[in-house]
Amino acid sequence: MAAEQSVEPGLSDGTREAAGDSRDDPAEALRHAAVAFPGQGSQEPCMGAAWYGHPAWHLVERAEEVLGRPLAPCLLSADDAPTATRDVQVSVFLTSLMAWEALRPVLGTPVVFFGHSLGQLSALTAAGVLGFDDGIRLVAHRGDVTDEVCRRQSAGMAAVLGLDREHAVWACGAAPGECWIANDNAPGQIVLAGTDAGLRRVEARARELGARKVIRLEIAGAFHTPLMLAAVDPFAAHLRTLSFAAPSRPVVSNADALPVESGAVWARLLAEHLISPVSWRSSQLGLARQGVRSLVEAGHGSTLTGIARRTVPQWETRNADCPEAVAALAEELASGPAQTPVAEPVGR
């Protein structure tokens, strides 16, 4: 409804009309998709193996040239699977951008881009706000400065299932100044972050309050909390050296869950976001209110499509995590009138 859509700024009227003009046709809904990029936590051994030999692999080769270090082993070898924060972030970014490189000519330009935490950098690169070389340098720098903070602290993150936000806040009261809500992902799915000692107390309180499950994540740091404050200044200094172009389509900010149609504000948003929570549930609900009816996850795994099915069950959701998945999506989209692809290739 128009009145309902008007409360969410950021998407133009034409974009909202395109997003909502799909009725009950899944293929048509997917032609006007929101494209989402996963963040840290989606990694696993050999996560890039599906892309080796694919034309999109040129992005890995280019990243190795730009950064001056080998990256393929982290993506292809179980023995070299990324564990350090700096390696994980680069690996997640590269698998996401390879997925987008393959997906782009199939899907064309989406209605909107958004990314979860680190995934914002993938989204900004896919949207043309950053060139690929600047994007991979920025991800590497983010990995370095946050890895340094992680090494100096004993901290982590934990997913809490089955509690609403209010009860998660109460749970954090068991360790004031040591544990915070880092991600509000979906109904009944909150991610907390803090010191190891604080997390242990909060995890126990969450179970007392009725949490169905509490899962420690494979993330060695308290991202999106005040414990990352030491990384903000060096990251902001690097951001100030970059030029941010206007996006080909709006990119949703994790901070306030609103689509941003300017490039100029991203240096500030990205620096601040290291210590502020991810408003992922609000991002999805806001896009749904504006008429977006589908989500395609570009990158490794299916974390974000799973979250979307919990938050906006009426959305069509698809994964583009390997060439075969992209080919299946292309076949599905071929069932109706073709959309002219207009997005530019990454890294060209």
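Along every chain, residues carry numbers that run from 1 in the direction the sequence is written. At least 70 in pLDDT is required for a residue's local features to be given in this predicted model, at least 80 for side-chain atom pairs to be given and counted, and no such filter applies to totals for whole chains, interfaces and linings, which use all residues. Hydrogens are left out, water is left out, and the side-chain values use all remaining heavy atoms of the structure.

Novice: Quick one: what's the story with the sheet that holds strand β6 (residues 213-216), residue by residue and with numbers?
Specialist: The pairing of strands in a sheet comes from backbone hydrogen bonds and takes either a parallel or an antiparallel form. Pairing between strands is defined by DSSP: at least two bridges between them are needed. Helix and strand definitions follow DSSP, with helices as H or I runs of at least four residues and strands as E runs of at least two, each counted in order from the N terminus. Spatial strand order, β4-β5-β3-β6: four strands in an open sheet with antiparallel pairing. Of all the strands in the sheet, the pair left with one neighbour each is β4 (179-186) and β6. The sheet shows a mean angle of 25° between the axes of neighbouring strands, direction not considered. The pairing of β4 with strand β5 (residues 189-195) spans six bridges and is antiparallel. Paired with Trp180 across the two strands is Ala193, which belongs to β5. Against the sheet, helix α9 (residues 165-172) engages β4 and β5, with an angle of about 160° to β4. Axis geometry follows a simple rule: fit a line to the C-alpha atoms, using only the stretch in contact for helices, then measure angles between N-to-C directions, giving values from 0 to 180 degrees. Residue contacts are defined here by distance: any two heavy atoms, one from each residue, within 4.5 Å place the two residues in contact.

Novice: For the confidence of the model for the protein, give the residues involved together with the corresponding values.
Specialist: The pLDDT averaged across the protein works out to 89; a share of 89% of its residues lies at or above 70. Taken as a whole, residues 13-23 scores under 50 in pLDDT and shows 17 contacts with residues more than four places along the chain or in a different chain. pLDDT runs from 0 to 100 and stands for how confident the predictor is about each residue. In this model, residues 338-348 is a region of pLDDT below 50 whose contacts with residues beyond four sequence positions or in other chains number 28 contacts.

Novice: So what's going on with the environment of Pro176? Residues and values would help.
Specialist: Examined against the element boundaries, Pro176 turns out to sit in the loop between α9 and β4. Three exposure classes are used, based on accessible area relative to the maximum for each residue type with a 1.4 Å probe and protein chains only: buried under 20%, partly exposed in between, and exposed over 50%. On the basis of relative accessibility, which here comes to 64%, the residue Pro176 falls in the exposed class. Along the chain, Pro176 and Gly194 lie 18 residues apart, while their C-alpha atoms are 10.0 Å from each other.

Novice: Hey, could you go over the packing of aromatic side chains for me, with residue numbers and the actual values?
Specialist: Pairing of aromatic side chains requires ring centres within 6.5 Å, counting the rings of Phe and Tyr and the six-membered ring of Trp. Pairs whose planes differ by under 30 degrees are stacked, by over 60 edge-to-face, and all others tilted. This model, assessed by the stated rule, comprises five aromatic pairs. Site record: aromatic cluster; members linked through ring pairs are Phe37, Trp100 and Phe113.

Novice: Quick rundown of the pairing of strand β3 (residues 155-161)? Include the residues and the values.
Specialist: As a general feature of sheets, a regular strand has side chains that alternate between the two faces. The buried fraction of β3 is high, at seven of seven residues. Of the two faces of β3, both are covered, the one formed by Ala155, Met157, Ala159 and Leu161 as well as the one formed by Gly156, Ala158 and Val160. Here seven bridges tie β3 to β5, and the two strands are oriented antiparallel to one another. Within β5, the position partnered with Leu161 by the bridge is Gln189. Here four bridges tie β3 to β6, and the two strands are oriented antiparallel to one another. By the bridge assignment, Ala159 is partnered in β6 with Ile215.

Novice: So what about the nonpolar core? Which residues, and what values?
Specialist: For our purposes a nonpolar core is just a set of buried Ala, Val, Leu, Ile, Met, Phe, Trp, Tyr and Cys residues, chained together by side-chain atoms within 4.5 Å. Of all hydrophobic cores here, the largest spans 76 residues; its most connected members are Leu94, Phe113, Phe244, Trp266 and Leu270. Take this core: its biggest share by element is twelve residues, from helix α6 (residues 85-107).

Novice: Give a detailed account of helix α11 (residues 229-239), specifying residues and quantitative values.
Specialist: Every buried residue of α11 is accounted for by Ala231, Val232, Phe235, Ala236, His238 and Leu239. All buried residues of α11 fall inside an arc of 155° around its axis, so they share one side. Structurally, α11 contributes buried residues whose contacts are with α8 (132-152) and α12 (266-273). The directions from the helix axis to the C-beta atoms form the arc being described.

Novice: Describe unusual backbone geometry, listing the residues and the values that go with them.
Specialist: Of all residues except glycine, most have a negative phi; of all peptide bonds, most are trans. Even without a glycine there, the phi angle at Cys46 is positive, about 60°. By the element assignment, Cys46 lies in the loop between β1 (34-37) and α4 (58-67). Residue Cys46 is classed as partly exposed on the basis of its relative accessible area of 30%. In the Ramachandran plot, Ala257 falls in the positive-phi region, its phi being about 65° despite a non-glycine side chain.

Novice: Describe in detail the side chain of Gln284, supporting the description with residues and values.
Specialist: With respect to the helices and strands, the residue Gln284 is situated in helix α13 (residues 280-289). Here Asn185 takes part through its backbone oxygen, which lies 3.1 Å from a polar atom of the side chain of Gln284. Apart from the residues lying within four places of it in its own chain, the contact partners of Gln284 are Phe114, Asn185, Ile307, Ala308, Thr311, Val312 and Trp315. Side-chain atoms alone can form a polar contact between residues adjacent in sequence; in general such a contact is a pair of N or O atoms within 3.5 Å, and within protein one must be able to donate a hydrogen while the other accepts it.

Novice: Before we move on, can you summarise the side chain of Ser122 with the specific residues and values?
Specialist: As for its position among the elements, Ser122 is in helix α7 (residues 119-126). By relative accessible area, Ser122 is classed as buried at 0%.

Novice: So what's going on with the pattern of salt bridges? Which residues, and what values?
Specialist: A pair is scored as a salt bridge if a Lys or Arg side-chain nitrogen falls within 4 Å of a carboxyl oxygen belonging to Asp or Glu. Enumeration according to the criterion identifies 18 salt bridges in this entry. Salt-bridge contacts for Arg86 lead to Asp144; the nearest nitrogen and oxygen are separated by 2.9 Å. Separated by 58 residues along the polypeptide, Arg86 in helix α6 and Asp144 in helix α8 bring together distant segments of the chain. Overlapping salt bridges, with partners in common, bring together Arg69, Arg86, Asp87 and Asp144 in one network.

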